Structure formats: C-alpha cells, structure tokens
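# Chains, contacts and geometry: an overview
Okay, here's what each chain looks like letter by letter:
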Amino acid sequence: MEIKKAIIPIAGLATRFLPLSRVVPKELWPIVDAPIIQYIISEAKQSGIKEIVFVLKPDNKRVLDYLKPCPKIEKILKEKKKEDILTEVKNLQELCKNISFSYVLQKNPLGDGHAILQAAKLVGDEPVACMFGDDIIDSKIPAVSQLAKVFKTCQKPVIALDRLPKEKIPHYGIVGVEKIANRFFKIKKIIEKPSLEQAPSDLAVIGRYILTPEVFYYLKKAKPTKKGEIILAEVFNNQMLRDGKVVYGYEIEGKWLECGDKLRWLKSNLYLSLKHPKYGPELKNYLKETKII
Ligand code: G1P
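### Some points on the side chain of E126
Secondary-structure assignment places E126 in the loop between α6 (120-123) and β6 (128-131). Reaching out from E126, the side chain makes a polar contact with the side chain of K5 at a distance of 3.2 Å. What E126 contacts, discounting residues up to four positions off in sequence, is M1, K5, L211 and P213.

### A word on the side chain of Q38
With respect to the helices and strands, the residue Q38 is situated in helix α1 (residues 36-46). On the basis of relative accessible area, Q38 is assigned to the buried category, the value being 18%. Apart from residues no more than four positions distant in its own chain, Q38 is found in contact with Y66, L92 and L95.

### A look at the packing of α1 against helix α4 (residues 83-96)
Taken N-terminus to C-terminus, the directions of α1 and α4 make an angle of 45°; their axes are 10 Å apart at the nearest point. The orientation of α1 with respect to α4, classified from their angle, is oblique. Taken as a pair, α1 and α4 cross one another with a handedness that is left-handed. Only L92, E94 and L95 of α4 make contact with α1, whose side of the interface consists of Q38, I41, S42 and K45. Within the contact of α1 with α4, the residues separate by chemical class into 3 nonpolar, 2 polar and 2 charged.

### Some details on the pairing of β6
Residues V128 and C130 of β6 are buried on one face, and the alternating residues A129 and M131, pointing to the opposite face, are buried as well. Direction of pairing for strand β1 (residues 5-9) relative to β6: parallel, over a ladder of 2 bridges. Each residue of the ladder has a partner; that of A6, found in β6, is A129. Of the pairings in the sheet, the one linking β6 to strand β11 (residues 203-211) comprises 4 bridges and is antiparallel in character.

About the thresholds
- Residues numbered from 1 in each chain as written.
- Predicted model: local features only at pLDDT ≥ 70, side-chain atom pairs only at ≥ 80, totals over all residues.
- Heavy atoms only, no water.
- Helix = DSSP H or I, 4+ residues; strand = E, 2+ residues; numbered from the N terminus.
- Polar contact = N/O pair within 3.5 Å; in protein donor to acceptor, adjacent residues only side chain to side chain.
- Contact = heavy atoms within 4.5 Å.
- Buried < 20%, exposed > 50% of the residue type's maximum accessible area, 1.4 Å probe, protein only.
- Axes fitted to C-alpha atoms, helices over the stretch in contact; angles between N-to-C directions.
- Parallel < 35°, antiparallel > 145°, perpendicular 65-115°, else oblique.
- Left-handed = near helix turned anticlockwise from the far one by under 90°.
- Nonpolar A, V, L, I, M, F, W, Y, C, P; charged D, E, K, R; others polar.
- Pairing = 2+ DSSP bridges.

Everything listed here is a matter of geometry and, on its own, says nothing about what the molecule does.
Written out as structure tokens, the structure is:
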C-alpha cells in the first residue's frame, strides 16, 4: 500500500522558543526565507503525500492562514510589477496544490502519542507518515520517500534513524538494534532521552515515521504516564516490542537539521543559508569581509 497521508503534529507548547513563540508559532519560524513547516510540506509533497493532517493547539491555527491563497496580495504584486516576489508567493501556492490539508485539535499537551492519536479518525485504516515539526532533512531523496520504500517491502512500522556524536545522545530517542542490511535495522528497544550509560547505541530517532493501523491500536489502549501523557517512543518500547511486534529502523541518507531549540534552529539556519543558491555566496563573502570568523 502506498503512503498517501501524513500527520504533522504541531500542538506542543514550544517552551524552548519562548518568549517569541507566544506570537510566532515555532512551525512558522523561518529557516532562510521560509518557515520550518514549508520544508516539511515540501518533503511530504516530494514523497507523494496527498493528504496532510495537522495536529494543532486550539489557540494556534496560524499555519492554516500561511497556506491560504492570497489573491489580493498577488494582484497588488502584479500591478506593481514585483515579479520576483510574486514568483515566491506563487511557489508556495504551487507547493500546496494537489495536497489536501485538514486538522484536528489536541486540547491539552499530553504527549506526542496523544497528539498523533487525535488524527486517527482522519487517517482511517491505512499506513501513514508522521513528520515532527522540529526536523528538517536535507537530502537528495526525501526522507519520507526513503521510509516509504522500506515500508513497501516490510509492511511494518519504520522509524527514521541517524547516528549521533556522544554529546547529543541524551537529547533524543535512542534505539537498540539488530542490523539486517545496510542502513536497515530491527528495533529491539527505544529509550527516550537516555543518559550516556543507558544509551543502547548511537542511533537516534529522527522525527519521521511510517505508522501502521496497529500502532494506532496500541496508542488507543496505552495507559498514560504519571504526567498523563502518551509518548510514542514508550508505546513502541513498552507495549509493541514487548508484545513481540516488529518495528524497523532505517538510517536516513541525508543531513538531519534539527530545529528543536534556539541554538539548533540557528545552526540549521546557518547551514541552509550558506548552502542557498541565491543568498549563500553573498553570505560567505560577508563572513570573510567582516572577519567575524
Ligand atoms: C522527539 C522524540 C525523540 C526524537 C526527537 C527528534 O523529541 O520524542 O525520540 O529523537 O523528537 O527530533 P522532542 O523533540 O519532543 O524532544
């Protein structure tokens, strides 16, 4: 079965981005000249996704405004002959073409698993991609495509993985694995944000997954943690793997750009700005001129 739908959970509190995230939701923070969400939608589109379900907070639907057509602005740009800007505006409209967007609400921040579960009805009984709003993957083949290809043969949940240096390990979900083929692993355990001693490997979970109806079944019956949350990694680890269910991991080909806190967001911005065909060369000159490094 082809993967045609994607869930994008963006209902978190974005505390690491305060105070600005009070007025500019994290998914709309720019990377170079486009918001983080645009990179994620672009990856989805290039991966053949036709339907995107956002999981939103009740008081933040601004992403929907961003994606709406804006004929008035287009008209003004045409009249003023601002062709360059008009092209950029139209590119966004083009990106949204042939994708249907819908949303569900997560009323309280009760974990990523709980957020994903809110989208269950709209997803129905089929496998779905899940794309976390903190992660951009700069790659030749879009990350969701890479996962979907693996899913085509294994028909089980697939988690995107990347190798991390030691110091980063305590900030992510880390997996214990059995290697099956090049870049392809059977997941044995997942520990969310382990200490270095606890970490079963250097392979971290990137926020990209292929989820099957069975994952939703487990999310539905999961008991919330003491904090009242349902955490996807814990449901995989404590429920599915324990029941002998098979979950695969695939080490993504590409550069994982994290945007989970201000420093990581700045680094990702720097990386993609310096790589950008329009702005990169001039920015590199600027760095030389100013002798800032
Ligand atoms: C989440 C996941 C974690 C994963 C990370 C990737 O963490 O829980 O397993 O490694 O995304 O960005 P969070 O960003 O919520 O801290």
